[in-house]
Amino acid sequence: MKQDKMKVAIVGYGGMGGWHAERLLKSDTCELAGIYDIRRERCELAESRGIRVYPSYRALLQDESVDTVTVAIPNDVHEDVVIRALEAGKNVICEKPVTLSVASLERMIAAAKKNGKIFSTHQNRRWDVDYLAMKSVYDSGELGRVMEIESRIHGSRGIPSDWRGEKRYGGGMLYDWGIHLIDQILMIFGFENVESVFCVMDNITNKEVDDGFRLTLNFKSGQRAYVEVGTYNFIAMPRFYLRAEKGTVLLTDWREEATAVRCNHWHESEVIPVETAAGLTKTMAPRDEITTSTYKIPRPVSDVHDYYRNFAAAVRGEAEQLVTHEQMLIDLKVIEAAFRSAESGKIEKL
């Protein structure tokens, strides 16, 4: 028997709200019921595209045909809008970061449980092919135990000139990009595995919120991750760098395949020293094709709409939601610890 499509209404028709609408209009599992936005020009834009516009948020919530509300508005107002939807009997997808504190998220989760509704945050970058390539190396064990992963996003245009540059709206790069990169790392090393963090923030183009940060995550397993976001980098460093017992992986850009170098033999009978500016060195002597092998890691196949497919299945009781409450809480605990570390200048435990 064919399942009816899940009807979704969107609150906020800005950049991400428009992104959600485009995908819902083409969805094989969902149907776009309409949108609501407090800005008239955005409502007029939606109407010009043939999309239903609700006259108020209350009217949207009173539409009994709507199964799910997707919230795509500034970070500081997520909690109230999400809880109102849950109390109206709607399932809720909230854009990231789901909210600005663990205490706020706990109230949202309590509302979801009280009303028996599915509630999740849109961690769409779990479907990024660059991240999935790194996760495939980790999960396969082909290079042995992974000791460290470095994850970077670099740009040179500062923070976008909208609410993301203002503290009162929950702006800054730790909330904006950090929540994605942290979630990806925890998907690899394990959410319950994270133990402590150390964070340094940049305020180069914006003095109110961070326009970049450098974050080290230490894990109970002894492994480590380094996450960096920069918005004043005119030469970008590689997207991913992974070190493992039996080799190294480098991914320069999300559009490229990752390159892996596997160490086949650790010892050589003779190492020929190389001459550097200051003298000879065996330590930094290059490897050869006898002791190592180099190969490409194929780009994984990915479809970001699998998030909505899973959410619809969870609403029907056919699957567990992929982005769980526990994961959402730990993501925010890392964010909070990172802010504390940046202020204290010390390693902070979770």
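These numbers come from a predicted model, not from an experiment.

(A) Spotlight on the nonpolar core. Grouped together as the largest cluster of nonpolar side chains are 94 residues, with contacts concentrated most on Phe 119, Leu 215 and Leu 217. The leading source of residues in this core is helix α7 (residues 173–189), at 10 residues.

(B) Highlighting the pairing of strand β12 (residues 258–263). Looking at chain direction, strand β11 (residues 247–251) and β12 are connected through 4 bridges and run antiparallel. Bridged to Val 249 within β12 is Ala 260. Adjacent in sequence and paired antiparallel, β11 and β12 are bridged by 6 residues. As defined by bridge partners, β12 adjoins strand β15 (residues 292–297) across 6 bridges and the pair is classed as antiparallel.

(C) Up close: the pattern of salt bridges. Inspection of the entire model under this criterion finds 27 salt bridges. Taking the shortest distance from any N to any O, the salt bridge between Arg 164 and Asp 176 comes out at 3.4 Å. Taken together, the residues span a long stretch of sequence, with Arg 164 in the loop between β6 (146–154) and α7 and Asp 176 in helix α7 at a distance of 12 residues. Note on Arg 164: relative accessible area 22%, which makes it partly exposed.

(D) The packing of helix α4 (residues 78–87) against helix α5 (residues 102–115), seen in detail. The geometry of α4 relative to α5 is characterised by a closest axis approach of 9 Å and an angle of 5° between their N-to-C directions. The angle between α4 and α5 places the two elements in the roughly parallel class. Listed contacts from α5 to His 78, Glu 79, Val 82, Ile 83, Leu 86 and Glu 87 of α4 are Ser 104, Arg 107, Met 108, Ala 111, Ala 112 and Asn 115. Considered class by class, the residues forming the contact of α4 with α5 number 6 nonpolar, 3 polar and 3 charged.

(E) View of the pairing of β6. Of all 9 residues in β6, 8 are buried, a share of seventy percent or more. As judged from the 7 bridges shared by β6 and strand β9 (residues 224–230), these two strands associate in the parallel manner. Residue pairing across strands places Glu 148 opposite Arg 224, the latter belonging to β9.

(F) Region of the structure containing the sheet that holds β9. Reading across the sheet, the 9 strands line up as β15-β12-β11-β10-β6-β9-β8-β7-β16 and stay open at both edges, with mixed pairing between neighbours. In this open sheet, the two strands that pair with only one neighbour each are β15 and β16 (348–349). Of the strands in this sheet, β7 (194–202), β8 (212–219) and β16 are in contact with helix α9 (residues 325–344), which crosses β7 at around 50°.

(G) Layout of the packing of α7 against α9. Orientation of α7 relative to α9, taken along the N-to-C sense of each, is 120°, at an axis distance of 10 Å. On the basis of the axis angle, α7 is oblique to α9. As α7 packs across α9, the resulting crossing turns out to be right-handed. On the side of α7, the interface is formed by Leu 174, Tyr 175, Ile 179, Ile 182, Asp 183, Leu 186 and Met 187, while α9 contributes Gln 327, Ile 330, Asp 331, Val 334, Ile 335, Ala 338 and Phe 339.

(H) How the structure looks around the sheet that holds strand β3 (residues 68–71). Spatial strand order, β2-β1-β3-β4-β5: 5 strands in an open sheet with parallel pairing. At either end of the open sheet lies a strand with only one pairing partner, and these are β2 (30–36) and β5 (119–121). Between one strand axis and the next, the sheet turns through 20° on average, direction left out of account. Bridge count between β3 and strand β4 (residues 91–94): 4 bridges; the pairing is parallel. If you follow Val 71 over to β4, its bridge partner there is Cys 94.

(I) Structural detail: the packing of aromatic side chains. Under the counting rule described, the total for this entry stands at 8 aromatic pairs. Centroid distance Trp 127 to Tyr 307: 6.2 Å. Interplanar angle 90°. Geometry classified as edge-to-face. With Trp 127 in the loop between β5 and α6 (129–140) and Tyr 307 in helix α8 (residues 306–315), this residue pair connects regions lying 180 residues apart in the sequence. Each of the two residues, Trp 127 as well as Tyr 307, counts as buried. A centroid spacing of 5.3 Å and a plane angle of 50° characterise the contact between Tyr 175 and Phe 339, whose relative ring orientation is tilted. Placement of Tyr 175 in helix α7 and of Phe 339 in helix α9 is noted, with a sequence separation of 164 residues between them.

Thresholds applied
Residues numbered from 1 in each chain as written. Predicted model: local features only at pLDDT ≥ 70, side-chain atom pairs only at ≥ 80, totals over all residues. Heavy atoms only, no water. Core = buried A, V, L, I, M, F, W, Y, C linked by side-chain atoms within 4.5 Å. Buried < 20%, exposed > 50% of the residue type's maximum accessible area, 1.4 Å probe, protein only. Helix = DSSP H or I, 4+ residues; strand = E, 2+ residues; numbered from the N terminus. Pairing = 2+ DSSP bridges. Salt bridge = Lys/Arg side-chain N within 4 Å of Asp/Glu carboxyl O. Axes fitted to C-alpha atoms, helices over the stretch in contact; angles between N-to-C directions. Parallel < 35°, antiparallel > 145°, perpendicular 65-115°, else oblique. Contact = heavy atoms within 4.5 Å. Nonpolar A, V, L, I, M, F, W, Y, C, P; charged D, E, K, R; others polar. Left-handed = near helix turned anticlockwise from the far one by under 90°. Phe/Tyr/Trp six-rings, centres within 6.5 Å; stacked < 30°, edge-to-face > 60°.

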